[in-house]
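The chain contents come next:
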Amino acid sequence: MTIPVLRAESLVKRFGGFTAVDDVSFELMPGGSLGIVGESGSGKTTTARILAGLEQPTSGTVTLAGRALEGDSRRARRQRAGRLQMIFQDPYGSFDPRQSIARSIAEPMRLHAPGTRKEHRARVAELLDQVGLSSRVGEALPRDLSGGQRQRAAIARALGMAPRVLVLDEAVAALDVSIQAQILTLLDELRRETGISYVFVGHDLAVVRYITDTAIVMRHGRVVERGETERVLRAPQHPYTRLLLDSIPSPDWDLERVARDRRALDPR
Amino acid sequence: MLAKTTEAATHRDALGITGLSLAIGTGADTVPLLAGVTVRVGRGETVGLVGESGSGKSLTARSALGMLPRGARTTGTVTAGGVDVLGAGRRELRDLRRTRVSMIFQDPRASINPVRRVGDYLTEGLRARGVSAHAAGEKALDLLGQVGIRDPLGALRRFPHEFSGGMLQRVMIAGALSTEPELLLADEPTTALDVTTQAEVVGLLKDMQRAHGTGMLFVTHDLDLAAAICDRVYVMYAGRIVEEAAGSALFGAPAHPYTRALLEASPSVHGDRAVIKAIRGRPLALAESPPGCSFRDRCPLADDACAGAVPAHRRHGASTAACLRPEQVTP
Amino acid sequence: MTLTIPALRARSARRRRRRPLGLVLAAAFLLAVTLTGLLAPVLAPRSPDATSLLDSLAPPGTAGHLLGTDSTGRDVLSRLMYGARLSLIAPLGVVLLSGTAGTVLGLLAARAGGWVDAVLSRGMDIVFSFPSLLLAMLVVAVSGPGLLAPICALAVGYTPFVGRVVRSAAMQEGARPYMESYRVMGFGEPWVAVRHLLPNILPMLVAQSALAFGYALTDLAALSYLGLGVRPPAADWGSMISQAQSAILQGAPWSGLIPGLAVLLTVVSVNVLGEHLGGSIGRKREGA
């Protein structure tokens, strides 16, 4: 039996008196893809930030590749960074505006994978190619790229550190439909080719369905439903999951049913 | 102005945009933004305007209020609520915005003055029309009740930051409908909201629209949403309308390759898990698009004939599409 | 709709390249002043300290004294040229010292946060509320006249002027997602602050330093005017104005007006240039 590459156990995060994440646990198998679904205030983004080390959990543990992650020392940060990387929603904001794309990709590589300048340059070219960007794009500044190109570049930069797990926080939410499809197919390809695992945080159930195998549904900081993504979407057990599903516009959209779902969820 | 209004009264539409082209800059610096856009919204009708970034959908909606970029030069006509918008003076435009056409925006927080109470916001437009303070207050109270705000009396005294995004968008809708407009322009009104809130707000918009007989132009990037709530949908690409279809027909029988490509690129929660097909390249603005059909660089059906001229709109089934061969899109 | 299409960007780029006349004039003036100061021994028609009571208070345009003479008959043009040296070097020293200290303290406050920020910020507020000129005068009163003491005193006084702005800019920039992305990539705080944060707030730092330069020049001129700055016979523009007081009463205002004008034009030029430099670095970063 394989062991999970990522395991979160009873994560709790409190901000003052407010509990943003409340007893959240999940496992992610190597090469797997886990969706964390929820709306704003569900705690899904805080969970992702805990995984990435941007927040320290109030209690609970994260185990990455068999090793428990603790503390926020520079050493701990570096170790975590080599195994887990994160892609943010806003691909523009996640680059230093003054650095060329190639330099931005090479910089973390120098920290995590020692090598000569020449080796790094070759690796950058390889990565750009892998995510479907030309070397000319590598010379450009972030502002000269389109949203889709920037997100590709962010993926290339993350891959340069050879992580086992990629946390994608609403990574395609800001993109146009046609570009979103390009990034989704790219992510699909990368997972098949490299065996990397994804934690995909999102609100769009259609996208989550496409990109994940298993999913947890979060509401008010708690996991309300979990299971195979197809099962969760086909046969939702929790009324909140049903509300989420019925809220998605479709040709036979029934707003009455949405209202009914909502009453079932919060009788008042 | 009076003559103009009576002349247009025979026109039954809430909004009529005909052959609108728009460019900014002069000489070599001219940047075209819209070309030959024709959009019609009947009284009480819901019409979708769908497109990706740079398609010109927001610009088209704004033109209905005469809100054009600085230095814009236009050809074509825009008639909103019986007023010739492009020919109208400043006073007429102000009058139009105040009484006959309202707009709601994507981010309610950005479009409401944060230091004024919700009550002031709602009564402002009415007071400007000469409604008494008392009557305006009554009306605002009534509207807040209609849009489903609990404790409307208390809400009048609260500030925008005391509301959630969804609740604030309800307030905006109440404000937009306070003047009983003929036309409501909704520019991505639910994009910033959660899915469940979106469903509520859309339901509310539809109810209010039915109750008041308002025509609505619903601008969105979400094809599913447009198809779900609109009587008719216009699909825009690179500053042009490329397809006009009944909302219900959009999914079953797309007539333009771009519409079909968008559908194939969107994953779905319904039906079997299907592969998505990405469209190569990125959405273009009018100024960057190639001569002939703007979509031809990204189109699987394109050939040399598509480069010749911008394809005219032709009927295909229940739709019209600006494509030389719509029959190959949906046989 | 946001107009971010490349065609528009190219257009505004073309427009940007036309430099405003004011900027060209400011740069040319500063260049001229700097060169004059550097080459004063070569360019100056006379010794700046050579007195000649016979020629005292000659008006501008007098043969051999292009800008006239002061009450002891010293050539105003020559003194102006030599005076440029101290008048520029001293405020430059103030700016370098206060800029460095302000940047370090501002960055530290912004990135450390918590009590470090509280202590540093309140400390800077206290210094800021104390008039720098007064501080400099007190220091000079203790140490005696000379340039080094007022330069250091003004540097201390100006540190919050830079530091507070650096802190707020660093906080704003630090909230941008790319700063977090560097943390996720495992970089340490000093690396991120020096390699990424600092270059991105540089435009603002440059603009603020230019302002500080202008203020320092005026403050130092004031100190010299009060007789607390350079020791005679060495000249800077402030002491020239000071020594011209009696001449003004005698109806010969030029020996005071001319150095006064030099101070004014230099301060304005530095501000214009600083604003533009700050702006152009910012634009390069942000794009259109």
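Residues numbered from 1 in each chain as written. Chains lettered and ligands numbered in written order. Predicted model: local features only at pLDDT ≥ 70, side-chain atom pairs only at ≥ 80, totals over all residues. Heavy atoms only, no water.

Undergrad: Can you explain the interface of chain B and chain A? Please cite residues and give values.
TA: Every contact between the two is made by 40 residues of chain B and, on the other side, 35 residues of chain A. Both sides of the chain B and chain A interface together cover about 3000 Å² of buried area, and 60% of this is carbon and sulfur. Per-residue buried area on chain B facing chain A is highest for Thr-196, Val-269 and Arg-273 of chain B; these three make up 23% of the total on that side. Our count for the contact surface shared by chain B and chain A stands at two salt bridges. (Contact = heavy atoms within 4.5 Å. Buried area = accessible area lost by both parts, 1.4 Å probe. Salt bridge = Lys/Arg side-chain N within 4 Å of Asp/Glu carboxyl O.)

Undergrad: Would you mind going over the pattern of salt bridges in detail, with residue names and values included?
TA: A side chain of one charge can pair with a side chain of the opposite charge when the charged atoms of the two come close. Under the definition given, this model contains 34 salt bridges over all chains. One salt bridge connects Glu-45 of chain B with Arg-232 of chain B, and the closest N-O pair in it is separated by 2.8 Å. Taken together, the positions of Glu-45 of chain B in the loop between strand E2 (31-41) and strand E3 (46-50) and Arg-232 of chain B in strand E9 (residues 232-237) put the pair 187 residues apart, joining distant regions of the chain. For Glu-45 of chain B, a relative accessible area of 13% corresponds to the buried category. Exposure remark for Arg-232 of chain B: the relative accessible area of 11% places this residue in the buried category. Note that Arg-111 of chain C is salt-bridged to Glu-189 of chain C, the shortest N-O span being 2.7 Å. With a gap of 78 residues between them, Arg-111 of chain C in helix H4 (residues 76-112) and Glu-189 of chain C in helix H9 (residues 189-225) connect regions that are remote in the sequence. (Helix = DSSP H or I, 4+ residues; strand = E, 2+ residues; numbered from the N terminus. Buried < 20%, exposed > 50% of the residue type's maximum accessible area, 1.4 Å probe, protein only.)

Undergrad: An account of the domain arrangement of chain B is requested, with residue identities and associated values reported.
TA: Residue and element names in this part refer to chain B. Taken domain by domain, chain B consists of domain 1 (7-100 + 183-197 + 215-328) and domain 2 (109-180). Measuring from the centre of the C-alpha atoms in domain 1 to the corresponding centre in domain 2 gives 31 Å. Domain 1 puts six residues into the contact, and the matching count from domain 2 is 10 residues. Counting the surface domain 1 buries against domain 2, the share from its top three residues, Arg-98, Thr-99 and Leu-184, is 67%. Counting across the domain 1 and domain 2 interface gives zero salt bridges. The class makeup of the residues in the side of domain 1 that touches domain 2 is three nonpolar, two polar and one charged. (Domains from an automatic or database assignment. Nonpolar A, V, L, I, M, F, W, Y, C, P; charged D, E, K, R; others polar.)

Undergrad: Give me the environment of Arg-129 of chain B: which residues, what numbers.
TA: All names here are of chain B. Along the chain, Arg-129 falls in the loop between helix H4 (118-128) and helix H5 (133-146). Since its relative accessible area comes to 41%, Arg-129 is described here as partly exposed. Other than its neighbours up to four places away in sequence, Arg-129 contacts Arg-98, Thr-99 and Thr-179.

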